[in-house]
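Structural features, examined
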Amino acid sequence: MIKLTKIEKDFLINNLELDSDEIKTLNNSETIDEDFADKLRDICTNKLDYCGYDENYKPTQIGKELNKLIDKLFIG
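Throughout what follows, the structure given in this document is the object of discussion.

Reading guide: rules and limits
Residue numbers here run from 1 along each chain, matching the order of that chain's written sequence. Side-chain atom pairs in this predicted model are given and counted only at pLDDT of 80 or more, local residue features only at pLDDT of at least 70, and totals for whole chains, interfaces and linings cover all residues. In computing side-chain properties, one takes all heavy atoms of the structure into account and sets aside hydrogens as well as water. Residues enter a nonpolar core if they are buried and are Ala, Val, Leu, Ile, Met, Phe, Trp, Tyr or Cys, with the set joined through side-chain atoms within 4.5 Å. Burial classes: relative accessible area under 20% of the type maximum marks a residue as buried, over 50% as exposed, and values in between as partly exposed (1.4 Å probe, protein chains only). Where helices and strands are cited, they refer to DSSP runs of H or I of at least four residues and of E of at least two residues respectively, numbered from the N terminus. Only the stretch in contact is used when fitting a helix axis, every axis being a line fitted to C-alpha atoms; angles between N-to-C directions are given from 0 to 180 degrees. Orientation labels follow simple angle bins: below 35 degrees gives roughly parallel, above 145 gives roughly antiparallel, 65 to 115 gives roughly perpendicular, and whatever is left gives oblique. We call a crossing left-handed when the near helix sits turned anticlockwise from the far one by less than a right angle, and right-handed when that turn is clockwise. Contact criterion: two residues are considered in contact whenever any of their non-hydrogen atoms come within 4.5 Å of each other. Note on residue classes: Ala, Val, Leu, Ile, Met, Phe, Trp, Tyr, Cys and Pro are nonpolar, Asp, Glu, Lys and Arg are charged, and everything else, Gly too, is polar. Neither His nor the chain ends is counted toward charge; the positive residues are Lys and Arg and the negative residues Asp and Glu. The term salt bridge refers to a side-chain nitrogen of Lys or Arg lying within 4 Å of a carboxyl oxygen of Asp or Glu. Here a polar contact is recorded for every N or O atom pair within 3.5 Å, except that within protein the pair must consist of a potential hydrogen donor and a potential acceptor, and residues adjacent in sequence are included only if both atoms are side-chain atoms.

Glancing now at the nonpolar core. Core analysis: the biggest nonpolar cluster contains 17 residues, and Leu4, Leu12, Leu26, Ile32, Leu40, Cys44 and Leu73 have the highest contact counts within it. Among the elements of the structure, helix H1 (6-15), helix H3 (34-51) and helix H4 (61-73) are those that each provide at least two residues to this core. With five residues, the single largest contributor to this core is H3.

Take the packing of helix H2 (residues 20-28) against H3 next. Contact geometry for H2 and H3: axes closest at 12 Å, N-to-C directions at 120°. It follows from the interaxial angle that H2 and H3 lie oblique. Here the hand of the crossing between H2 and H3 comes out left-handed. Residues Glu22, Thr25 and Leu26 of H2 touch H3, and the partners they reach there are Phe36, Lys39 and Leu40. The class makeup of the residues in the contact of H2 with H3 is three nonpolar, one polar and two charged.

On the secondary structure map, Lys9 appears in helix H1. The charged side chain of Lys9 is buried without a salt bridge, its nearest counter-charge being Glu30 at 5.7 Å. Of the polar contacts made by the side chain of Lys9, one reaches the backbone oxygen of Ser29; its length is 2.4 Å. If near-sequence neighbours (up to four positions away) are discounted, Lys9 is found in contact with Leu4, Leu26, Ser29 and Glu30.

Shape descriptors only; they carry no functional weight alone.
Below, the structure written as structure tokens:
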């Protein structure tokens, strides 16, 4: 189980294309399970690929936040 802060949850909800069930899960849970963490990590990785870096391949602010969440959501 992974515990996300309110700020992290808000970031995910506001910056990723999540369906209503995924948003409900984030809003109503203190922790998320491994399967949901894997799914969120995949979505974050895809978003990072197309908006996480500027033209000089420097991380954007969104890219920095996505990288932190990708690391946090990795169960390993």
